[in-house]
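# What the coordinates show
In case you want the letters, here they are:
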Amino acid sequence: MSLTRFKKYACGDFIRQFCPGKGSGRFLRRVLLHNPGLNVIFIVVLFCLSAGFFQGDFCLAGTVGSRELINDPGRYDGTTVTFRGEAVGDIMYRGKYGWVNLYDGYAAVGIWTEKENLKDILYLGGYRVKGDIIEVSGMFNKSCPEHGGDLDIHGVSIKRAVPGGVSVIPSDTVKLPAALLFTAVVVVVILFLRAK
Amino acid sequence: MILRPQAGDIRNIGYYLGRIIFCVGITMFVPAAAGLFLFRETVPVCDFLLGADTAVLSGLLLSRLCRRHGELRAAQAMVVVSLSWLAAMAFGAIPLYLSGHYNSFLDTCFETMSGFTTTGLTLVLDLDHLSRTHNLWRHLGPFIGGQGIAIVAVSFLVGGSSGAWKIYLGEARDEKLAPNVVNTARLIWLISIVYLVAGTAVMWLVGVYIGMAPDSALFHGMCIFMAGFDTAGFAPQSQNILYYHSLPFEISTIVFMVLGSLNFNLHYRIWKGSFREVWKNLETRTLLLSVLLVSLLVMAGLKHLGVYPGAVAMFRKGFFHVISAHTTTGYMTVYSGQFVRDWGDFALAGMVIAMGLGGCACSTAGGIKMLRVGAICKAVTEDIKKLILPEHSVVVQKFYHIKTMFLDDRQVRNILIVTLGYLFLYGLGTLAGVWYGYPFLQALFESTSAAANVGLSCGITDPGMPVLLKLVYIVEMWAGRLELMSVFALFGFAAAFLKGR
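Residues numbered from 1 in each chain as written. Chains lettered and ligands numbered in written order. Predicted model: local features only at pLDDT ≥ 70, side-chain atom pairs only at ≥ 80, totals over all residues. Heavy atoms only, no water.

### Let's talk about the overall build of chain B
- For chain B, the count of helices and strands is 21 helices and two strands.
- For chain B, the C-alpha radius of gyration of 22 Å lies close to 23 Å, the compact-globule estimate for 501 residues.
- In terms of principal-axis extent, the alpha carbons of chain B reach across some 65 × 60 × 50 Å.
- When contacts within chain B are restricted to residue pairs at least 6 apart in sequence, those whose partners lie at least 24 apart make up 73%. (Helix = DSSP H or I, 4+ residues; strand = E, 2+ residues; numbered from the N terminus. Rg over C-alpha atoms; globule rule 2.2 N^0.38 Å. Contact = heavy atoms within 4.5 Å.)

Take a look at the structure:
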């Protein structure tokens, strides 16, 4: 496809889709369709803007991982972040607030939030227990002035994204008989040696 | 002329080594019983039965094959000690390896050596989902290793023998609490167990106060006390002490870290009512001065970079980590990466100094030790005095440590040999780290942490780190815990075996 045909058809189709034929978009549509040279410039500018949007604001407003928070804390310090991770260990209530630690596969991050927000957490990760996957939005602190310089998130809204549960581990068909048999052998050896 | 070791030497070493391996196996029944009756974790119990059975059977067969052949000589005792720590590492690693939370058997050996030597560097994967039975073993390791694996076995389960004192010396202890070495070992255990009961109770109360469930608070309290008092730095959760987000918890751990780094002899004197000992003792004075100076360095570094929003936060983080480093515990309330990214080189250098100097002699702490640092300072003062005073004047340097002692050249020589040995160890690990491309200061930090049995990490210690670096750190932890002498004896024994006549 030649550049002229690209400008006229491909870009034209894009502009027809992007700019509505009525209201405020009507003028823009008319200008762009009658000036094929401007079509390409318009699309390039739109692309650049969207790239900037996705690289910057989107990440800050979207879910961030503990790896980013720990390795580049200055970037997120004092901003509202959304963090998602498995609730592990204990919920520690402190008056009207409480702590829960969320583990996202890289590290666990402490969440400080109102007591009410923690009521929905039913499962806390541990041995044989898969904790609830919690999505929390709140202010990230690189060195929290309220909590002695801890790296934490002051959660405003918390929701249970994926419920956890107790995983049933079937009795090990190799380890259990092996352990019992081996113990019996050791006992026999000890008795034999003592008798000797 | 170097004499090749005779069959009798090897039989003697094998006999004692077998008994110690047997004892390591017996200790594995403790977490097995806890797992079966308290935690109701069947599969982990199987892991411990398999590990315990392997150790008990191997120990029995070895001690049967190598019957005791006369008195245990000093060189043999040192070889027994150095080998027993390696054997304890290998057998102690079995249940952890079976847990499936480690990438390789080498990683589990690293973890076990780190535990027994009260270091606290960890390679565990997904610690937050590890069973309580396995976690108990991780924390019991430092409690056993802190008192000395070989001396525990010889004093309690093998029955005291004439070789006990030599083994006691081989484990880098040279102070008697009682005239008899067996009684000394028992007193050390008595002190540790009384502290364990009291410390667990305190940590449990603090845990409940900060909002933990009572059963969880009890488990965490016991683990944190064992790893804190024995200056190991392990914790049941991946965030270490940061998990608790609590000032009272941090203060309690600071108290236990300091208590753990004090000389057992000093504890005994305090028990006997001699509180003045604390202020008179050269070691405690040196420790206090050193903590103050290093705290100033670290705080200055943190203040310069404005790492923390206020003086309170800066003091809380800075002081906690200085105590953790100086007592060679290794508890952390920051993430490993924060040391490098946020703290800056100056504060990091302060931490390296604190780790390198270490705690008190005849304690569970590692590093060069305060008694040596104090004695070196005294020796330097003596030399300066000699330069200043008239030529014919006699300068005698004395210091107080349990009793008044005179510092002679022979003592200073011995102290400097061990100090140089530690500096060599710190340098060895640093070179290995730099070889693998880590920045110098980070490599020095991690190496000092391993060799001084601290356990703080700036992020190098990771399951994905190079295999050779893991091996170097294992050697550093082992040699650092035994203060090198027993390790030298082992190398000497191997050399005599190969080249002797």
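Further notes follow.
### Overview of the interface of chain A and chain B
- On the side of chain B, 45 residues touch chain A, which itself brings 44 residues to the contact.
- Counting each side, the surface lost to burial between chain A and chain B is near 3700 Å², with a carbon and sulfur contribution of 60%.
- Remark: the boundary between chain A and chain B carries two salt bridges.
- A salt bridge links Lys175(A) to Asp47(B), with the shortest nitrogen-to-oxygen separation between them at 2.9 Å.
- Run the count over chain A and chain B and you get 18 residue pairs in polar contact (both at pLDDT 80 or more).
- For the side of chain A that touches chain B, the secondary-structure elements that each account for two or more residues are helix 4 (66-71), strand 2 (80-94), strand 3 (97-103), strand 4 (108-114) and helix 6 (175-195) of chain A.
- Here the side of chain A that touches chain B gets 10 residues from one element, more than from any other, and that element is helix 6 of chain A.
- Each residue belonging to the side of chain A that touches chain B can be placed in one class, and the counts come to 25 nonpolar, 11 polar and eight charged. (Buried area = accessible area lost by both parts, 1.4 Å probe. Salt bridge = Lys/Arg side-chain N within 4 Å of Asp/Glu carboxyl O. Polar contact = N/O pair within 3.5 Å; in protein donor to acceptor, adjacent residues only side chain to side chain. Nonpolar A, V, L, I, M, F, W, Y, C, P; charged D, E, K, R; others polar.)

### Observations regarding the domain arrangement of chain B
All names here are of chain B.
- For chain B, the domain assignment lists domain 1 (7-260) and domain 2 (273-465).
- Look at where the C-alpha atoms of domain 1 and domain 2 centre, and you get two points 25 Å apart.
- Facing the 39 residues of domain 1 at the interface are 34 residues of domain 2.
- Across the interface of domain 1 and domain 2, roughly 2700 Å² is buried in total on both sides, 62% from carbon and sulfur atoms.
- There are one salt bridge connecting domain 1 and domain 2.
- With its nearest N and O atoms 2.9 Å apart, the salt bridge here joins Glu-250 to Arg-316. (Domains from an automatic or database assignment.)

### A closer look at the pattern of salt bridges
- Taken as a whole and judged by the stated rule, the model has 13 salt bridges over all chains.
- Here Glu86(A) makes a salt bridge to Lys130(A), at a shortest N to O gap of 3.3 Å. Of this pair, Glu86(A) sits in strand 2 while Lys130(A) is found in strand 5 (residues 129-130), placing the two residues 44 residues apart along the sequence.
- Between Lys369(B) and Glu483(B) there is a salt bridge whose closest N-O contact spans 2.6 Å. Of this pair, Lys369(B) sits in the loop between helix 16 (336-357) and helix 17 (370-388) while Glu483(B) sits in the loop between helix 20 (467-481) and helix 21 (485-499), placing them 114 residues apart in sequence. Each member of the pair Lys369(B) and Glu483(B) is classed as buried.
- Through salt bridges with shared partners, a single network forms among Arg84(A), Glu135(A) and Lys159(A). (Buried < 20%, exposed > 50% of the residue type's maximum accessible area, 1.4 Å probe, protein only.)

### Focus on the pairing of strand 3 of chain A
Residues and elements named next belong to chain A.
- Of all seven residues that make up strand 3, six are buried, and the element is covered over most of its length.
- Hairpin remark: strand 2 followed by strand 3, antiparallel, with two residues in the connecting loop; positive phi at Gly-95, about 65°.
- Bridge analysis of strand 3 against strand 4 gives seven bridges, and the strand direction is antiparallel. Paired with Val-100 across the strands is Ile-111, a residue of strand 4.
- In this antiparallel pair of consecutive strands, strand 3 and strand 4, the connection spans four residues, and Gly-105 shows a positive phi of 100°. (Pairing = 2+ DSSP bridges.)

### Section: unusual backbone geometry
Residues and elements named next belong to chain B.
- Phi is positive for Ile-402, close to 70°, though the residue is something other than glycine.
- Within the secondary structure, Ile-402 is located in the loop between strand 1 (398-401) and strand 2 (403-406).
- The class of Ile-402 is buried, set by a relative accessible area of 15%.
- Backbone geometry places Asn-453, a non-glycine residue, at a positive phi of 55°.
- By the element assignment, Asn-453 lies in the loop between helix 19 (440-451) and helix 20.

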